[in-house]
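# Structural description and commentary
Take a look at the letters that make up each chain.
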Amino acid sequence: MKERPILFSNEMVKAILEGRKTMTRRVVKLNILQEEDGDSPTCFSVFDKKGNQYYEFKNGIEEEPSTAKDFCPHGQIGDILWVKETVKPGAWREDGRVAFDYKASPELKKTPWVNLGEKFEDYWIKWTDQLIKKGHKSNSDGIFVWEPGESPINWIPSIFMPKEACRIKLRIKNIRIKRLNETSVKDCYDEGTPGLIASWDSADVVLEKFIDLWESINGKGSWNQNPWVWVIEFEVVTSSNEILRKS
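These remarks concern the structure in this document.

Conventions used here
- Residues numbered from 1 in each chain as written.
- Predicted model: local features only at pLDDT ≥ 70, side-chain atom pairs only at ≥ 80, totals over all residues.
- Heavy atoms only, no water.
- Helix = DSSP H or I, 4+ residues; strand = E, 2+ residues; numbered from the N terminus.
- Buried < 20%, exposed > 50% of the residue type's maximum accessible area, 1.4 Å probe, protein only.
- Contact = heavy atoms within 4.5 Å.
- Areas by Shrake-Rupley, 256 points an atom, 1.4 Å probe, with all protein chains shown as cover.
- Pairing = 2+ DSSP bridges.
- Axes fitted to C-alpha atoms, helices over the stretch in contact; angles between N-to-C directions.
- Salt bridge = Lys/Arg side-chain N within 4 Å of Asp/Glu carboxyl O.
- Phe/Tyr/Trp six-rings, centres within 6.5 Å; stacked < 30°, edge-to-face > 60°.
- Lys NZ or Arg CZ within 6 Å of the ring centre and 35° of its normal.

## Description of the overall build of the chain
- Of regular secondary structure, the chain possesses five helices and 12 strands.
- Burial statistics for the chain: of 247 residues in total, 40% are counted as buried.
- A separation of at least 24 residues holds for 65% of the contacts in the chain among residues at least 6 apart in sequence.
- On the chain, roughly 14,100 Å² of surface is accessible, and the fraction owed to carbon and sulfur atoms is 50%.

## Examining the sheet that holds strand β10 (residues 113–115)
- If you walk across this open sheet you meet the three strands as β8-β9-β10, and the pairing is antiparallel. In this open sheet, the two strands that pair with only one neighbour each are β8 (87–92) and β10. Taking each pair of neighbouring strands and ignoring which way they run, the sheet shows an average axis angle of 50°.
- As defined by bridge partners, β8 adjoins strand β9 (residues 97–102) across five bridges and the pair is classed as antiparallel. Each bridged residue has a counterpart across the sheet, and for P89 the counterpart in β9 is F100.
- Seen against the sheet, helix α2 (residues 120–133) touches β8 and β9 and runs at an angle of roughly 95° to β8.

## Overview of the side chain of N226
- Mapped onto the elements, N226 comes out in the loop between α5 (222–225) and β12 (228–239).
- By relative accessible area, N226 is classed as buried at 17%.
- When sequence neighbours within four positions are dropped, the list of residues in contact with N226 reads R179, L180 and N181.

## Observations regarding the pattern of salt bridges
- Under the defined criterion, the tally for this structure stands at 14 salt bridges.
- With its nearest N and O atoms 2.8 Å apart, the salt bridge here joins R4 to D79. Of this pair, R4 sits in strand β1 (residues 3–7) while D79 sits in the loop between β6 (61–62) and β7 (80–84); the two residues are 75 residues apart in sequence, bridging distant segments of the chain.
- Taking relative accessible area as the criterion, D79 reaches 6% and is therefore assigned buried.
- When the shortest N-O distance is used, the salt bridge between R25 and E191 registers 2.9 Å. Taken as a pair, R25 in strand β2 (residues 23–27) and E191 in the loop between α3 (185–190) and α4 (203–218) lie far apart in primary sequence, 166 residues in all. The pair R25 / E191 is uniform in exposure class, with both members buried.

## Quick notes on the packing of aromatic side chains
- Going through the model one piece at a time under the given rule, you end up with seven aromatic pairs.
- Taken together through their ring pairs, the aromatic side chains of W92, F100, Y123, W127 and W146 make up a single cluster.
- One residue, R167, lies across the ring of Y102, its end atom 4.3 Å from the ring centre.
- Residue placement shows R179 over the ring face of W228; its charged tip is 4.7 Å from the ring centre.

This is how it looks when you write it as structure tokens:
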């Protein structure tokens, strides 16, 4: 079992925490050779950067011995994905402990302490410089003070979030490879698509809302490009979304 990072937007982090998101799609960023059969591609092969073929799909059947799930760059079934999200330091101690604020959960005012170890000094210098440039002054003990949840420090983009700040871990349950436009109505719900009301929305409305979500992340027109995507189903194994720090 391996652990790999995975990025999610604030909206999708909320959906995971609320139990609405159990699936994610990621574009296959590998060389694909397709053979067309009318308007529907029925055969394709995937090659690695060295030109070695390692996956073949013919007429709706995965050819053995290699299958997509064996080579998914995001992990294997049973592997752990640790979620990278937008954070910023809400408080810190001189011993290297930091409590992070999470942009997806502004209601959290006191989060658990985590230890950044040797990385803390570099972060501390950077954060202190930010405070000084913004005109903030420390007290007589050299400590910057603000109310919990009101840290004036800049948000850290999810891609740069330190692993120590991770509060959500996911276990991969299943992996498939599909065309994006094959996304079903059920998939749209499992993707945590915002604004869906169970059994109220028509299939067209559900799909339209998922397309809006997809293009908000991947760019306008990306749905019509209909790329091959990794379809990754997961379950939450760790989720810290409570007020745990006492001091």
